[in-house]
Amino acid sequence: GTHSSNNNISLSSSSCPTCLSQGPPPRRMNFSLDLKDAEAARCLREQEELKMLGPEVQVCFVLPSEKSFTKTFRMGNLVEHLKVAVQSESNIPFEDQELYMGETLMADPLMIRDLWKNEKEELRVSVKQLKSSSKKLEDTLSDKQESKMKSGDVIETEEVDEEYAESTDEEYIEKETEKKETSS
């Protein structure tokens with residue numbers, strides 16, 4: 001009976017090991033269950049994100065016009081999120097805003113929790129609008145300079161003679177001299 005056991009070994013070694021280890025084919029779930037699972041997973045993800053963002057905090061924004069509004073954020077929200085809220089509530093563009101907590105400038109990459117420790121208290125944020133007109137003037141100046149450079153004396157590199165592009169300086173001089181001698 002040694003011969004039959006050899007056959008089994010050769011049979012299993014020649015077949016794909018992953019096919020053997022996979023087991024029965026996966027059961028097809030009905031579609032509505034998949035949707036419910038996906039929705040549950042999404043809710044769970046959102047809850048996890050909210051947990052990571054930390055507790056809620058009330059932020060009261062005081063605009064340059066002295067008008068104010070209050071919104072709820074999470075301690076883990078970035079200062080950028082605050083600026084987006086200011087932009088949507090006022091006509092101050094994101095890039096023209098400086099947010100202050102007392103005398104402290106709130107830098108974009110920081111989170112609320114980096115600057116404010118007590119989520120139980122309302123955070124008061126003063127919004128200052130940078131002089132956007134002078135910034136726009138600078139932008140238009142630099143644009144004009146760029147366009148002048150583009151249309152100005154740009155050296156055309158496309159007109160390189162292919163024959164000389166590969167050659168060394170000496171070869172180039174040699175060929176140029178030959179050209180002059182033949183043309184004169």
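Note that this is a predicted model, so its numbers are computed, not measured.

A.B. asks: Outline the sheet that holds strand E2 (residues 68–74), listing residues and values.
C.D. replies: Each strand in a sheet pairs with another by means of backbone hydrogen bonds, the pair being arranged parallel or else antiparallel. On the basis of which strands lie adjacent, the open sheet formed by five strands has the order E2-E1-E5-E3-E4 and mixed pairing. Strands with a single pairing partner mark the edges of an open sheet, and in this sheet they are E2 and strand E4 (104–105). Summarising the sheet, strand E3 (residues 97–101) and E4 pair through two bridges and their orientation is antiparallel. Residue pairing for E4: Met101 is matched across the bridge by Thr104.

A.B. asks: Mind laying out the pairing of E3, listing which residues take part and the relevant values?
C.D. replies: Across the five residues that make up E3, a large majority, four, are buried. Where E3 lies against strand E5 (residues 123–129), four bridges are found, and the strand directions are antiparallel. Among the inter-strand pairings, Glu98 is bridged to a residue of E5, identified as Lys128.

A.B. asks: I'd like a rundown of helix H4 (residues 79–89), residues and numbers included.
C.D. replies: Because each turn of an α-helix spans 3.6 residues, side chains separated by three or four positions in sequence point in the same direction. Along H4, the residues that are buried comprise Val79, Leu82, Lys83, Ala85 and Val86. Down the axis, H4 shows its buried residues gathered within 160° of arc, on one side only. Next to the buried residues of H4 lie strand E1 (56–62), E2, E3, helix H5 (112–115) and E5.

A.B. asks: Describe in detail the environment of Glu98, supporting the description with residues and values.
C.D. replies: Structurally, Glu98 is set in strand E3. Residues Glu98 and Leu130, 32 residues apart in the sequence, show an inter-C-alpha distance of 7.1 Å. Those residues in contact with Glu98, other than ones at most four positions away along the chain, are Leu105, Ser126, Val127, Lys128 and Leu130. Of note is the side chain of Glu98, whose polar atom sits 2.7 Å from the side chain of Tyr100.

What counts as what
Residues numbered from 1 in each chain as written. Predicted model: local features only at pLDDT ≥ 70, side-chain atom pairs only at ≥ 80, totals over all residues. Heavy atoms only, no water. Pairing = 2+ DSSP bridges. Helix = DSSP H or I, 4+ residues; strand = E, 2+ residues; numbered from the N terminus. Buried < 20%, exposed > 50% of the residue type's maximum accessible area, 1.4 Å probe, protein only. Arc of directions from axis to C-beta. Contact = heavy atoms within 4.5 Å. Polar contact = N/O pair within 3.5 Å; in protein donor to acceptor, adjacent residues only side chain to side chain.

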